[in-house]
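These are the residues of each chain, in order.
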Amino acid sequence: VMFLFELFNDNIVTLNDLTRMTSIPIIGVIGRNYSGYNLLSDQSPKSAIYEGFRAIRSNLNFFNKSGDNINNKTYLVTSSVSGEGKTYISENLAIVFAKSGKRTLLVGGDLRRPKIYADFNLSNVAGISNYLEDKSTISEVINKSQIENLDILVSGPLPKNPSDALLSKKFSDLFNDLKKRYDIIILDTPPLGLVADALTLMKFSDFNIYVTRQNYTKKGLLSYVNEMYKKHRLGEIQMVLNDVKDGSGAYGYGYGYGYGSYGYGYGYSYNDSSKYFDK
């Protein structure tokens, strides 16, 4: 029965599925969020979700090359399509780094369909796009969050051509400046399987995190990212399996741009706790 289930199931269910579909290493697993809160700052520090993000933070520190300063690091987060939880991972990874005493900046690198500002109760009126259009200074577009050591740089209003904006010298200068100001930068980007923005932004990152989601990410979607990994186009990258249900055997059997439905739209909604991953 399990063989037939696996034969006809097109979704990623276990870590074994990931290791069969791609040679990209796995850095961590995040369980399903039953709390009703999207941000770790609203949850108990003793929760399993909190511990999962602490484990990923520790693993990221471990993977820094010997002799490297663990400060002044930029971590980019992306996924295949909308709904896998890349923004959720970005936000909470930034929180656990900030809680550890690091000067942390969370950057909304998805200029097309931003989400971060809403989760932190901020306005998206001024952000990266305003700075690139010489309408604001860096200091004017960086927001202080209610979490100690954590600042937020939202994307701002949609620019005329997001891809070109990310390729500009002004954006490069912005990022070089930010790296001097912060110990840790977490960069949330659009899904890699839909637009090329994440690839453009990888030149600014030290380490990349690719988010997959249990019973959601299609196995076929990993073929594209695996080929890019083999061609050395994704830099230092590891995967996270997100939204893992308790008792689901995640570790293996026996051991619309709105992004739409995998299209150009982001159009998924959920009735249970999984609603927090529609971003």
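Residues numbered from 1 in each chain as written. Predicted model: local features only at pLDDT ≥ 70, side-chain atom pairs only at ≥ 80, totals over all residues. Heavy atoms only, no water.

### Quick look at the overall build of the protein chain
The following threshold applies: A run of H or I in DSSP becomes a helix once it reaches four residues, and a run of E becomes a strand once it reaches two; helices and strands are each numbered from the N terminus. Each residue's exposure class comes from its accessible area (1.4 Å probe, protein chains only) as a fraction of the maximum for that residue type: buried when under 20%, exposed when over 50%, partly exposed otherwise. Where accessible areas are quoted, they stem from the Shrake-Rupley method and a 1.4 Å probe; at the residue level, only the protein chains shown are allowed to cover.
Along its length, the protein chain carries eleven helices and eight strands. Evaluated residue by residue, the protein chain yields a buried proportion of 56% over its 279 residues. Surface summary for the protein chain: the accessible area is close to 12500 Å², and the carbon and sulfur share equals 51%.

### Focus: the sheet that holds strand β3 (residues 104-108)
How we decide: One bridge is not enough; two strands pair if DSSP finds at least two bridges between them. Every angle, taken between N-to-C directions, lies between 0 and 180 degrees, and every axis is a line fitted to C-alpha atoms, over only the stretch in contact when it is a helix. Any two residues whose heavy atoms approach within 4.5 Å are treated as being in contact.
Across the sheet, eight strands lie side by side as β1-β8-β7-β2-β6-β3-β5-β4; this open sheet has mixed pairing. This sheet does not close on itself; its edge strands, each paired only once, are β1 (26-31) and β4 (142-144). The mean inter-strand angle of the sheet, taken between neighbouring strand axes irrespective of direction, is 25°. Across four bridges, the pairing between β3 and strand β5 (residues 150-153) is parallel. What sits directly across from L106, in β5, is I152. Helix α3 (residues 48-63) contacts β1, β2 (73-79), β7 (207-213) and β8 (237-244) of the sheet and is inclined by roughly 170° relative to β1.

### Quick word on the layout of surface pockets
Our working rule: Here a cavity means grid points, on a 1 Å grid over the protein atoms only, where a 1.4 Å probe fits yet cannot get out; a pocket means an open set of points with protein on both sides within 12 Å along at least five of seven lines; lining residues are those with an atom within 4 Å of a point. Grid points are joined across faces, edges and corners, and a volume is the space filled by probe spheres set on the points. Amino acid classes used here: Ala, Val, Leu, Ile, Met, Phe, Trp, Tyr, Cys and Pro are nonpolar; Asp, Glu, Lys and Arg are charged; the rest, including Gly, are polar.
The calculated volume of the largest pocket comes to roughly 240 Å³. In this structure, the largest pocket is lined by L39, S41, D42, D119, F120, N121, L122, K144, S145, Q146 and I147. The residue inventory of the lining of the largest pocket, partitioned by class, reads four nonpolar, four polar and three charged.

### Here's the deal with the nonpolar core
Spelled out, the test is: We define a nonpolar core as any set of buried Ala, Val, Leu, Ile, Met, Phe, Trp, Tyr and Cys residues linked to one another through side-chain atoms lying within 4.5 Å.
L105, I128, L153, F171, L178, V225 and L234 are the most contacted members of the largest nonpolar core, which has 39 residues in total. Setting aside chain neighbours within four positions, we find I128 in contact with V107, G108, L111, L153, V154, S155, G156, F171 and L174. Grouped together as the second largest cluster of nonpolar side chains are 32 residues, I49, Y50, V96 and V240 included.

### As for the confidence of the model for the protein chain
Put simply, the rule is: Every residue gets a pLDDT, meaning the predictor's confidence in that residue, from 0 to 100.
Of all residues in the protein chain, 83% have pLDDT values of 70 or greater, and the mean over the chain is 85. Of all helices and strands in the protein chain, the one with the weakest mean pLDDT is helix α1 (residues 2-8) (65), whereas β5 scores best (98). Scored below 50 in pLDDT, residues 251-279 shows 101 contacts in the model against residues more than four places distant or in partner chains.

### What to know about helix α9 (residues 169-181)
This is how the line gets drawn: By definition here, a helix of n residues has an expected span of 1.5 Å times n minus one. Arc definition: it is the arc formed by the directions from the helix axis to the C-beta atoms.
Over its 13 residues, α9 runs 19 Å from end to end, which matches the ideal 18 Å to within 8%, given 1.5 Å per residue. Taken residue by residue, α9 has F171, L174, F175 and L178 as its buried positions. Down the axis of α9, the buried side of the element spans an arc of 95°, and every buried residue falls inside it. Seen from the buried face of α9, the exposed residues on the opposite side, beyond 90 degrees, are K169 and K180.

### So, α3
Across its 16 residues, α3 extends 23 Å between first and last C-alpha, which sits within 8% of the 22 Å expected from 1.5 Å per residue. Looking at α3, one finds that the buried residues are I49, Y50, G52, F53, I56, R57 and L60. Buried residues in α3, looked at end-on, bunch into an arc of 160°, giving them a common side. For α3, exposure combined with an orientation more than 90 degrees from the buried face picks out A48 and F62. Check the buried side of α3 and you find it contacts β1, β2, α4 (86-99), β7 and β8.

### Describing empty space enclosed by the protein
Empty space within the largest cavity amounts to approximately 50 Å³. Lining the largest cavity we find twelve residues, and of these D110, R113, P114, K115 and D188 sit closest to its centre. In terms of residue class, the lining of the largest cavity is built from three nonpolar, four polar and five charged.

### Considering the pairing of β5
Every second residue of β5 is oriented toward a common face, with L150 and I152 on one face and D151 and L153 on the other, all of them buried. Where β4 folds back onto β5 in an antiparallel hairpin, the turn is made up of five residues, including N149, whose phi is positive at roughly 75°.

### Observations concerning the pairing of β3
By the criterion of burial, β3 is predominantly enclosed, with five of the five residues buried. Going residue by residue along β3, you find T104, L106 and G108 tucked away on one face and L105 and V107 tucked away on the opposite face as well. Pairing geometry for β3 and strand β6 (residues 184-188), over five bridges, is parallel. Of the residues in β6, the one forming a bridge with G108 is D188.

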